[in-house]
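Secondary and tertiary structure notes
Take a look at the letters that make up each chain.
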Amino acid sequence: MAERLLVVEEAFVARGRGVLLLPRFTAGASSPTKLSVTLRRPDGTERETVATMETSHVRGALAPWAMFRLAELAPEDVPPGTELWTRD
């Protein structure tokens, strides 16, 4: 069953390929680092791609902050309000 992972607030270019997505979230120890996903844009169009989860914020004993990266896309491909869903 598909699961909604995130509603995009912002997509921006950072070091590396593609875009990073906000908001950030806390990552559990068993969270997969690479996922096949579907983007559902506010205009109703959909696109399949791969998302990688990047953790870069150490928070001591707390779960680390993480963000999704979409290496194949540009910021204009992921407008605010786009939903990121797992693929079945």
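All values derive from a computational prediction rather than experimental measurement.

Positionally, Leu-22 belongs in strand β3 (residues 19–22). Of the residues examined, Leu-22 reaches a relative accessible area of 23% and is grouped as partly exposed. For the pair Leu-22 and Leu-6, spaced 16 residues apart in sequence, the C-alpha separation works out to 8.6 Å. Among residues more than four places away in sequence, those in contact with Leu-22 are Val-7, Val-8, Glu-9, Glu-10, Phe-12 and Met-67.

The tally for this structure, following the rule as stated, stands at four salt bridges. One salt bridge in this structure joins Arg-40 and Glu-46, with 3.2 Å as the shortest N-O distance.

Turning next to the nonpolar core. With 18 residues, the main nonpolar core has Leu-21, Phe-68, Leu-70, Val-78 and Leu-84 as its most contacted residues. Elements that contribute at least two residues to this core include exactly β3, β5 (34–40), β6 (46–57) and β7 (65–70). For Leu-70, the contacting residues outside a window of four places in its chain are Gly-18, Val-19, Leu-21, Val-37, Leu-39, Thr-49, Val-50, Ala-51, Val-78 and Leu-84.

The rules behind each value
Residues numbered from 1 in each chain as written. Predicted model: local features only at pLDDT ≥ 70, side-chain atom pairs only at ≥ 80, totals over all residues. Heavy atoms only, no water. Helix = DSSP H or I, 4+ residues; strand = E, 2+ residues; numbered from the N terminus. Buried < 20%, exposed > 50% of the residue type's maximum accessible area, 1.4 Å probe, protein only. Contact = heavy atoms within 4.5 Å. Salt bridge = Lys/Arg side-chain N within 4 Å of Asp/Glu carboxyl O. Core = buried A, V, L, I, M, F, W, Y, C linked by side-chain atoms within 4.5 Å.

Remember, this is a structural readout, not a statement about activity or role.
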